[in-house]
Amino acid sequence: MAYFSHFSSQFVRWTAGASDLPAWARAVVIVAALPAIALALLSIACMFATVIALFLLVVPVVRLLGRLTGSRATDIPVPATMDQSDPDQAIGFDRGRRQVEARVLD
């Protein structure tokens, strides 16, 4: 916690010092920071591209292995008709309802 308060106080001092700079000096600082900002944005874009590439490579392999092994994990049931009044059927869940008779004995 001591480190956090130390670095936060340094940040506050730096921002206070930067706000005292004239406008042209602040513009120079912003121009100097643009390459770092661009690299940060490119890094985020590369992360998303990596995740998409991972899915493009892994999903077909999982489906192929599911078909070869006979696993049903790749089969996603899609109900033909859905009754919106029944929430279980709306999500594709069938309880297999049946009538149960019970007798209470005193």
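When its secondary structure is counted, the protein shows three helices and zero strands. Counting from the amino terminus, helix and strand elements in the protein follow one another as α-α-α. Here the protein holds 106 residues, and the buried ones make up 5% of them. Working note: accessible area of the protein is about 10100 Å², and carbon and sulfur atoms make up 69% of it.

Moving on, we come to helix H2 (residues 23-69). Spanning 47 residues, H2 covers 67 Å between terminal C-alpha atoms, matching the ideal 69 Å at 1.5 Å per step. A maximum bend of about 35 degrees is found in H2 at Leu-34, where proline Pro-35 lies one to four positions downstream. Positive backbone phi, approximately 80 degrees, marks Gly-70, located one or two places after H2.

Turning our eyes to something else, we now look at a nonpolar patch on the surface. A contiguous nonpolar patch, built from Ile-30, Val-31, Leu-34, Ile-37, Leu-41, Ile-44, Met-47, Phe-48, Val-51, Phe-55 and Val-59 and spanning about 1100 Å² of accessible area, is present on the exposed surface. Within the fold, Ile-30 resides in helix H2.

Thresholds applied
- Residues numbered from 1 in each chain as written.
- Predicted model: local features only at pLDDT ≥ 70, side-chain atom pairs only at ≥ 80, totals over all residues.
- Heavy atoms only, no water.
- Helix = DSSP H or I, 4+ residues; strand = E, 2+ residues; numbered from the N terminus.
- Buried < 20%, exposed > 50% of the residue type's maximum accessible area, 1.4 Å probe, protein only.
- Areas by Shrake-Rupley, 256 points an atom, 1.4 Å probe, with all protein chains shown as cover.
- Expected span 1.5 Å × (residues − 1).
- Bend = angle between axes of the 7 residues up to and from the residue.
- Patch = residues over 30% accessible without salt bridge, like charges linked within 9 Å, V, L, I, M, F, W, Y side chains within 5 Å.
- Salt bridge = Lys/Arg side-chain N within 4 Å of Asp/Glu carboxyl O.

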